[in-house]
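Spelled out, the chains give:
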Amino acid sequence: MAVDFFIFLTSGMEQIDILLGKYFAGECTGEDRTALKQWLQQSDENRRYFEQMERVWNTAWQGREPIDQAIDVEKALARTKAIIRENEHNTVLMRPSKNTRQWWWAAAAAVAVLVAVVQLLRNPILEKPETLVLNASEAIRTDTLPDQSVIGLNRSSRLEAAYTPKQRKVKLEGEAFFEVAPMAEKPFVIDVKTVEITVVGTKFNVDNLSNPDEVLVQVTEGKVKVAGGEQAVFLVQGEQAVYNILTGTLKKTELSTAQNVKSWWDKKFIFDDVPIQNAIASLEKAYGTQIIFKNKALLDCRLYAIYDNQPLERIMEILQDTYPNWTIAKNTDGYIIDGSGCEE
């Protein structure tokens with residue numbers, strides 16, 4: 001019996017795969033279906049093979065990521081022609097009388113489909129990603145991700161992680177400090193609005209909370225790539241980059257040791273001749289409180305101090321001892337500071 005595509009006199013699996021590819025792609029004619037039905041009736045093994053490929057097809061193309069390697073349809077076309085020529089001597093082949101090029105492309109597409117299906121079986125990146133969503137509202141949150149990376153998530157921040165066997169993908173809203181577990185074969189990628197941050201294993205802070213129009217990346221260990229718009233920079237320990245979302249500019253600068261990059265998370269502060277105004281801002285951010293100076297002239301005072309994960313009440317006591325001319329009073333919102341000068 002002659003059919004539009006092939007009548008199989010042998011059990012050539014390449015020809016079967018092409019026919020299955022047309023069937024799953026919705027390109028089968030009635031005669032193709034007849035040929036497929038005849039092949040299915042030949043053995044239980046054929047039916048099991050068909051069912052396996054059908055299951056793969058049904059799960060492969062529903063909300064999945066694209067395959068690693070693009071299918072080259074031109075190569076698939078050449079391969080299909082070679083398969084047909086090779087089987088001209090042991091198969092009965094009827095070529096369509098018209099639309100020949102369309103027929104060739106349909107065959108090539110069938111091969112491409114089956115190549116993609118085989119890649120699905122071999123390529124674990126198509127597995128459903130392992131996802132994790134973390135929210136921090138009123139309190140700072142510390143968590144360990146599936147790859148053993150540790151993060152500190154600041155107040156009013158959200159993190160969504162999606163892990164596949166080949167990539168660690170994170171979306172951040174707000175601010176977080178990352179201690180990324182080293183995995184050279186699986187980059188750690190963070191998306192913050194229009195900025196993409198790529199690392200392998202390092203420690204750094206990402207802040208889009210302090211200023212929603214900027215993304216600030218500060219590196220305390222390792223190497224980080226920051227890309228925004230058409231620009232990209234590499235940062236190492238002691239460097240930072242700021243991407244302005246409104247202007248699309250990316251600027252790289254040195255990181256001051258006085259900035260206490262992760263003090264909002266670990267409550268460890270080193271103030272070495274720092275303006276009181278800057279020190280107080282760091283304390284407010286870390287402890288989620290408000291500290292008001294009634295005498296604004298005191299904001300120009302300088303501070304030399306080290307606070308190692310101490311309660312805010314204790315820090316205020318130390319500050320009172322440091323500046324005996326000040327008065328520090330606690331209220332419902334935080335603290336009010338007044339005084340006559342910067343003398344210690």
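Above: the structure in question.
Quick notes on the rules
- Residues numbered from 1 in each chain as written.
- Predicted model: local features only at pLDDT ≥ 70, side-chain atom pairs only at ≥ 80, totals over all residues.
- Heavy atoms only, no water.
- Pairing = 2+ DSSP bridges.
- Helix = DSSP H or I, 4+ residues; strand = E, 2+ residues; numbered from the N terminus.
- Axes fitted to C-alpha atoms, helices over the stretch in contact; angles between N-to-C directions.
- Phe/Tyr/Trp six-rings, centres within 6.5 Å; stacked < 30°, edge-to-face > 60°.
- Buried < 20%, exposed > 50% of the residue type's maximum accessible area, 1.4 Å probe, protein only.
- Lys NZ or Arg CZ within 6 Å of the ring centre and 35° of its normal.
- Contact = heavy atoms within 4.5 Å.
- Parallel < 35°, antiparallel > 145°, perpendicular 65-115°, else oblique.
- Left-handed = near helix turned anticlockwise from the far one by under 90°.
- Expected span 1.5 Å × (residues − 1).
- Arc of directions from axis to C-beta.

Engineer: Run through the sheet that holds strand β14 (residues 249–254), naming residues and quoting values.
Structural biologist: One open sheet holds the seven strands; their spatial order is β2-β3-β6-β9-β10-β13-β14, and the pairing between them is antiparallel. The open sheet has two free edges, formed respectively by β2 (141–144) and β14, since each of these has just one partner strand. Within this sheet the neighbouring strands show an average axis-to-axis angle of 15°, counted without direction. Pairing of strand β10 (residues 214–221) with strand β13 (residues 239–244), which is carried by five bridges, proceeds in the antiparallel orientation. Counted as the bridge partner of Val215 is Tyr243 from β13.

Engineer: Can you explain the pairing of strand β3 (residues 150–153)? Please cite residues and give values.
Structural biologist: Bridge count for β2 against β3 is four bridges, and the pairing is antiparallel. Following the sheet pairing, Arg141 is matched in β3 by Leu153.

Engineer: An account of the packing of aromatic side chains is needed here, citing residue identities and associated values.
Structural biologist: On inspection of all chains with the given rule, the structure shows nine aromatic pairs. A ring pair is formed by Phe269 and Phe271, whose centres lie 5.6 Å apart and whose planes are at 25°; its orientation type is stacked. Relative accessible area serves as the criterion here: at 3%, Phe271 is assigned to the buried category. In textbook terms, an aromatic cluster arises when at least three aromatic residues are bridged by ring pairs, as seen for Phe269, Phe271, Tyr287 and Tyr307. Positioned above the aromatic ring of Phe234, the side-chain terminus of Lys223 is 4.9 Å from the ring centre. Of note, Lys267 hangs over the ring of Tyr287, and the distance from its end group to the ring centre comes to 5.6 Å.

Engineer: Go over the sheet that holds strand β18 (residues 326–330), please, and point to the residues and values.
Structural biologist: The mixed open sheet is built from three strands, whose spatial order is β16-β19-β18. The open sheet terminates on both sides in strands that have one partner only, identified here as β16 (290–293) and β18. The average undirected angle you get between the axes of adjacent strands in this sheet is 20°. Across the sheet, helix α7 (residues 276–287) is in contact with β16 and β18; its angle to β16 comes to roughly 155°. Of the strands in this sheet, β16, β18 and β19 (334–339) are in contact with helix α8 (residues 312–322), which crosses β18 at around 160°.

Engineer: Explain the pairing of β18 to me, and be specific about the residues and the numbers.
Structural biologist: One ladder, built from five bridges, connects β18 with β19; its direction is antiparallel. Looking at β19, one finds that Ala329 is bridged to Ile336. The antiparallel pairing of β18 with β19 creates a hairpin that spans three residues between the two strands.

Engineer: Which residues make up the environment of Leu40, and what values do they have?
Structural biologist: As for its position among the elements, Leu40 is in helix α2 (residues 30–40). Counting along the chain gives 10 residues from Leu40 to Phe50, while the straight-line C-alpha distance between them is 7.8 Å. Discounting residues that sit within four places of it in the chain, Leu40 has contacts with Asn46, Arg47 and Phe50.

Engineer: Let's hear about the environment of Tyr287: which residues, and what values?
Structural biologist: Within the fold, Tyr287 resides in helix α7. Taking the relative accessible area as the measure of exposure, Tyr287 reaches 19% and is therefore buried. Each C-alpha atom of the pair Tyr287 and Gly334 lies 9.8 Å from the other, and the pair is 47 residues apart in sequence.

Engineer: Describe the packing of α7 against α8, and please don't skip the residues or the numbers.
Structural biologist: Between α7 and α8, the shortest axis-to-axis distance is 12 Å and the interhelical angle comes to 160°. Viewed along their axes, α7 and α8 adopt a mutual orientation that is roughly antiparallel. In this structure, α7 crosses over α8, and the sense of that crossing is left-handed. Together, Ile280, Leu283 and Tyr287 of α7 and Leu312, Ile315, Met316 and Leu319 of α8 make up the contact between the two elements.

Engineer: A description of α7 should follow, citing residues and the corresponding values.
Structural biologist: The end-to-end C-alpha distance of α7 is 16 Å, a good match for the 16 Å that 12 residues give at a rise of 1.5 Å each. Every buried residue of α7 is listed here: Ile276, Ala279, Ile280, Ser282, Leu283, Ala286 and Tyr287. When α7 is viewed along its axis, its buried side chains cluster within an angular range of 160° and face the same direction. Looking at the packing, one finds that the buried side of α7 touches α6 (263–266), β15 (268–275), β16, β17 (302–308), α8 and β18. At the exit of α7 stands Gly288, carrying a positive phi of roughly 60°.

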